Amino acid sequence: MKKLSARRRHPMAALVVLLIALTLSGGLYAAFAPADKAQADDTAQSLAIEEGKKLYQVGCASCHGTGGQGSSDGPSLVGVGAAAVDFQVGTGRMPAATSQGPQVTKKKNIYSQAQIDQLAAYISSLGAGPAVPTANDYSPEGADIAKGGELFRTNCAQCHNFTGKGGALTHGKFAPSLDGVAPKHIYEAMQTGPQNMPSFPDTTLSQQNKKDIISYLNAVNGDQTDNPGGLELGGLGPVSEGLFAWIFGLGALIVLAVWVAARTAKAKKS
């Protein structure tokens, strides 16, 4: 015991203990702290935000304000999220034309996907909002097409038609056709509710529900050689079908009535 106590009182004992503690703490930190990766991610995100801010100041600030706060010419972008930016800019709706009509329409996109991502990063830094979906979110794998059709007819067909062909709304507005729209943009539209469309967050339509709806639209608007239902008349529903019946059905009845009347008159003369 005396020898052990003497060793503890040795002048070098404290230095040895300190060196051991520093070695252990340094080793544990190096093993468990992903500092380099986190720093690299933060740097890349900061660069994306800076580049996105430059693009925003040139193409968006005149309507939405220098800080995204909005103005009389454009709504606030604080909290809209990256998904809204990816949809609006990716479909060419933004930047909007100078002479706006009842609603902003789809047009040729003027930004690359990398620039859109930078704009989305900057807008996301102004306030949290829906993120851009991943490919797995709208992949047809594991989707229920029948369920998607039921959900679409319940929530969407009133405006977009039961096969997504679009339809007219009030005051010159319209629900656009969904034929040929990228699945990612359909998902983002449901998430963010652009323009006249209500939003359907995951609390209203789950990620699986959105995937089912997108798979249904792909099925009814995809490449088909034959329509199992026969002549679809544009897939526009009862309007086109009623017009077809009115013109050809009623027209045939009128022709028949004229023919019968002529035959009757001829028979009386005979």
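Residues numbered from 1 in each chain as written. Predicted model: local features only at pLDDT ≥ 70, side-chain atom pairs only at ≥ 80, totals over all residues. Heavy atoms only, no water.

### Considering the nonpolar core
Let me state the cut-off plainly: Among the buried residues, those of types Ala, Val, Leu, Ile, Met, Phe, Trp, Tyr and Cys that are joined through side-chain atoms within 4.5 Å form a nonpolar core. Burial here depends on accessible area, computed with a 1.4 Å probe over protein chains only, as a share of the maximum for the residue type. Under 20% is buried, over 50% is exposed, and the range in between is partly exposed. The numbering of helices and of strands both runs from the N terminus, where a helix is a DSSP run of H or I of at least 4 residues and a strand a run of E of at least 2. We call two residues in contact whenever any of their non-hydrogen atoms come within 4.5 Å of each other.
Residues Phe152, Ile186, Met190, Leu205, Ile213, Ile214 and Leu217 are the most contacted members of the largest nonpolar core, which totals 15 residues. Contributing elements (two or more residues each) for this core: helix H7 (145–155), helix H9 (183–192) and helix H10 (207–221). With four residues, H10 is the single largest residue contributor to this core. Setting aside residues up to four positions removed in sequence, Leu217 forms contacts with Phe152, Thr163, Gly164, Leu178, Ile186 and Gly222. Cys60, Leu77, Ile116 and Leu119 belong to the second-largest nonpolar core, a separate cluster that totals 14 residues.

### Examining the environment of Ser215
Looking at where Ser215 falls in the secondary structure, it is placed in helix H10. Linking Ser215 and Ala146, residues 69 residues apart in sequence, is a C-alpha distance of 9.2 Å. Non-local contacts of Ser215, meaning those with residues more than four positions away in its chain, are made with Pro140, Ala143 and Ile145.

### Some details on helix H5 (residues 81–90)
Burial runs high along H5: nine of the ten residues are buried. Within the span of H5, buried status applies to Gly81, Ala82, Ala83, Ala84, Val85, Asp86, Phe87, Gln88 and Val89. Next to the buried residues of H5 lie helix H6 (113–126) and H9. One or two residues past the end of H5 sits Gly92, with phi positive at roughly 80 degrees.

### Focus on the state of the cysteines
Basically, it comes down to this: Only a pair of cysteine sulfur atoms within 2.5 Å counts as a disulfide in this structure description.
What the rule picks out here adds up to zero disulfides. Just so you know, Cys60 is unpaired, no disulfide at all, and the nearest cysteine sulfur is the one on Cys63, 8.7 Å from it. Exposure remark for Cys60: the relative accessible area of 15% places this residue in the buried category. Cys156 forms no disulfide, and the closest cysteine sulfur to it belongs to Cys159, at a distance of 8.8 Å.

### Considerations on the packing of H9 against H10
Between two packed helices, the angle of one axis relative to the other and the distance separating the axes together describe the packing. What counts, and what does not: Every axis in this analysis is a line fitted to C-alpha atoms, fitted for helices over the stretch in contact. Angles between the N-to-C directions lie between 0 and 180 degrees. By the definition adopted for this analysis, an angle is roughly parallel if under 35 degrees, roughly antiparallel if over 145, roughly perpendicular if from 65 to 115, and oblique otherwise. In this scheme, a crossing is called left-handed if the near helix is turned counterclockwise away from the far one by less than a right angle; it is called right-handed if the turn is clockwise. For this scheme, ten residues count as nonpolar: Ala, Val, Leu, Ile, Met, Phe, Trp, Tyr, Cys and Pro. Four count as charged, namely Asp, Glu, Lys and Arg, and the remainder, Gly too, count as polar.
Close contact between H9 and H10 brings their axes to 10 Å; oriented N to C, the two are set at 135 degrees. What the angle tells us is that H9 and H10 run oblique. The two elements H9 and H10 cross, and the hand of that crossing is right-handed. The segment H9 lies against H10, with Pro183, Ile186, Tyr187, Met190 and Gln191 engaging Gln207, Lys210, Ile213, Ile214, Leu217 and Asn218. Considered class by class, the residues forming the contact of H9 with H10 number seven nonpolar, three polar and one charged.

### A word on the environment of Ser124
Convention followed: Polar contact criterion, stated in full: a pair of N or O atoms within 3.5 Å, where within protein one must be able to donate a hydrogen and the other to accept it, and residues adjacent in sequence count only if both atoms are side-chain atoms.
Here Ser124 shows up in helix H6. Given the relative accessible area of 31%, Ser124 is considered partly exposed. It is 7.6 Å that separates the C-alpha atoms of Ser124 and Val80, two residues lying 44 residues apart in sequence. In this structure Ser124 touches Gly81 and Ala82, once residues within four positions along its chain are discounted. Among the polar contacts listed, one links the side chain of Ser124 to the backbone oxygen of Ala120, at a separation of 2.8 Å.

### Concerning the confidence of the model for the protein chain
Rule in force here: Think of pLDDT as the predictor's per-residue confidence, scored from 0 to 100.
The predicted model of the protein chain averages 84 in pLDDT, with 78% of residues at 70 or higher. Considering each helix and strand of the protein chain separately, the mean pLDDT is smallest for helix H1 (residues 2–8), with a value of 53, and largest for H9, with 97.

### Some thoughts on the pattern of salt bridges
Where we set the bar: A side-chain nitrogen of Lys or Arg and a carboxyl oxygen of Asp or Glu constitute a salt bridge if their distance falls within 4 Å.
Tallied over the full model, the rule gives four salt bridges. For Asp179, the salt bridge goes to Lys165, with nearest N and O atoms at 3.8 Å. In this pair, Asp179 sits in the loop between strand S2 (174–175) and H9 while Lys165 sits in the loop between helix H8 (157–160) and strand S1 (167–168), placing the two residues 14 residues apart along the sequence. Exposure remark for Lys165: the relative accessible area of 24% places this residue in the partly exposed category. For Asp202, the salt bridge is made with Lys210, and the minimal N-O distance between the two is 3.0 Å. Residue classification places Asp202 among the partly exposed positions, given a relative accessible area of 44%.

### Brief notes about the side chain of Gln103
Take Gln103: it is sitting in the loop between H5 and H6. Classification of Gln103 by relative accessible area gives buried; the value is 11%. Among the polar contacts made by the side chain of Gln103, one reaches the main-chain amide nitrogen of Phe174 at a distance of 2.9 Å. At a separation of 2.9 Å, a polar atom in the side chain of Gln103 contacts the side chain of Asn196. Setting aside chain neighbours within four positions, we find Gln103 in contact with Lys173, Phe174, Gln195 and Asn196.

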